[in-house]
Amino acid sequence: HTRPHRIKTIQQSHQQSAKMTPIKIIIIDHDTLRAIGLRHLLTSYFNTMVEIVSPCDITPDNDNNSTIYFTSTDCHASMLDFFIQRRTRTIILSAHQCSNHDILNISLCEEDLINRLSKIISSIGDTRSLPATELSSREIDVLKLVALGYLNKEIADKLSISINTVLTHRKNITAKLGIRSASGLSVYAIMNGHISPSDSHR
């Protein structure tokens, strides 16, 4: 009986800001049903103005410098130049477990989805910046190779470092980004321009 109560509490807290200007959100996704479901959650529980736009119809004219974008991984990859310039305002829809604040795990249950959306919406009013603990240049080198599917031994050989050093870098990357899986790191690397979708994966 606590689940509906928690969802109602989230809804009530965001309704208190209903008199404020709604947050503009654009959903770009080839999956119409998923986009409609996301729009329903966003408009039902939060003070938002949501539009579903086809990838072929999106242009810089749609952007007002405060628009928030929700997009699938494939749309993000095919429109990388557009999203790289708006990466602090882009949320990627992914089925992978990931605690990165710019990724929404669409496989969560309804309550967890609403809680996750609540955190995203609440952060929109804040100045969103890069994490204070940015990756070092060597950590980025390791990240790129992990994202491209290289094993720890191969990364060590390519960068002329020990396997223990590779493991240390991977531990630091996970601690800074909150991403453990190679697939999650691949999404992060593409999203932040460290690799491109055309780079060959192993």
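Residues numbered from 1 in each chain as written. Predicted model: local features only at pLDDT ≥ 70, side-chain atom pairs only at ≥ 80, totals over all residues. Heavy atoms only, no water.

**Q** Give me the lowdown on the pattern of salt bridges, citing residues and values where you can.
**A** Applying the stated criterion across every chain, the model contains four salt bridges. For D29, the salt bridge is made with R34, and the minimal N-O distance between the two is 2.6 Å. A salt bridge links K153 to D157; the nearest nitrogen and oxygen atoms lie 2.9 Å apart. Pair noted here: K153 and D157 are both in helix α7 (residues 152-159), with a separation of four residues, about one helical turn. (Salt bridge = Lys/Arg side-chain N within 4 Å of Asp/Glu carboxyl O. Helix = DSSP H or I, 4+ residues; strand = E, 2+ residues; numbered from the N terminus.)

**Q** Got a sec to walk through the packing of helix α6 (residues 137-147) against helix α8 (residues 163-177)? Specific residues and values, please.
**A** Contact pair α6 / α8: the axes reach a minimum separation of 10 Å and the direction vectors enclose 90°. Relative to α8, α6 is oriented roughly perpendicular. For the pair formed by α6 and α8, the contact residues are R138, E139, V142, L143 and V146 on the first element and H169, R170, N172, I173 and K176 on the second. In terms of residue class, the contact of α6 with α8 is built from four nonpolar, two polar and four charged. (Axes fitted to C-alpha atoms, helices over the stretch in contact; angles between N-to-C directions. Parallel < 35°, antiparallel > 145°, perpendicular 65-115°, else oblique. Contact = heavy atoms within 4.5 Å. Nonpolar A, V, L, I, M, F, W, Y, C, P; charged D, E, K, R; others polar.)

**Q** An account of the nonpolar core is needed here, citing residue identities and associated values.
**A** Membership of the largest hydrophobic core comes to 20 residues, with the highest contact counts inside it found for L143, I155, I173, L177 and L185. Looking at this core, the elements that each hand over two or more residues are α6, α7, α8 and α9 (182-191). Examining the composition of this core, we find that five residues originate from one element, α6, more than from any other. If near-sequence neighbours (up to four positions away) are discounted, I173 is found in contact with L135, E139, V142, L143, G178 and L185. Judged by nonpolar contacts, the second largest core, of 19 residues, contains A35, L42, Y45 and F46. (Core = buried A, V, L, I, M, F, W, Y, C linked by side-chain atoms within 4.5 Å. Buried < 20%, exposed > 50% of the residue type's maximum accessible area, 1.4 Å probe, protein only.)

**Q** Account for the packing of aromatic side chains, with residues named and values stated.
**A** Following the criterion strictly, the structure yields three aromatic pairs and no others. Seen in terms of ring centroids, Y69 and F83 are 6.1 Å apart; in terms of plane orientation they differ by 80°. Their pairing is edge-to-face. Of this pair, Y69 sits in strand β3 (residues 68-72) while F83 sits in helix α4 (residues 80-84); the two residues are 14 residues apart in sequence, bridging distant segments of the chain. Here Y69 falls in the buried class, since its relative accessible area comes to 0%. Here the basic side chain of R86 rests over the ring of F82, its NZ or CZ set 3.9 Å away from the ring centre. (Phe/Tyr/Trp six-rings, centres within 6.5 Å; stacked < 30°, edge-to-face > 60°. Lys NZ or Arg CZ within 6 Å of the ring centre and 35° of its normal.)

**Q** Give me the lowdown on α8, citing residues and values where you can.
**A** Over its 15 residues, α8 extends 21 Å from the first C-alpha to the last, a length consistent with the 21 Å expected when each residue adds 1.5 Å. Of the residues making up α8, those classed as buried are V166, H169, I173, T174 and L177. One face of α8 carries all of its buried residues, which in axial projection span an arc of 135°. Exposed side of α8, more than 90 degrees from the buried face: N164, K171 and A175 are the residues found there. The elements touched by buried residues of α8 are α6, α7 and α9. Following α8 by one or two positions, G178 adopts a phi angle in the positive range, close to 70°. (Expected span 1.5 Å × (residues − 1). Arc of directions from axis to C-beta.)

**Q** I'd like to hear about the confidence of the model for the chain, residue by residue, with values.
**A** Residue-level pLDDT values for the chain average 82, and 81% of them are 70 or greater. Counted against residues more than four places away or in other chains, residues 127-132, with its pLDDT under 50, gives seven contacts. (pLDDT = per-residue confidence, 0-100.)

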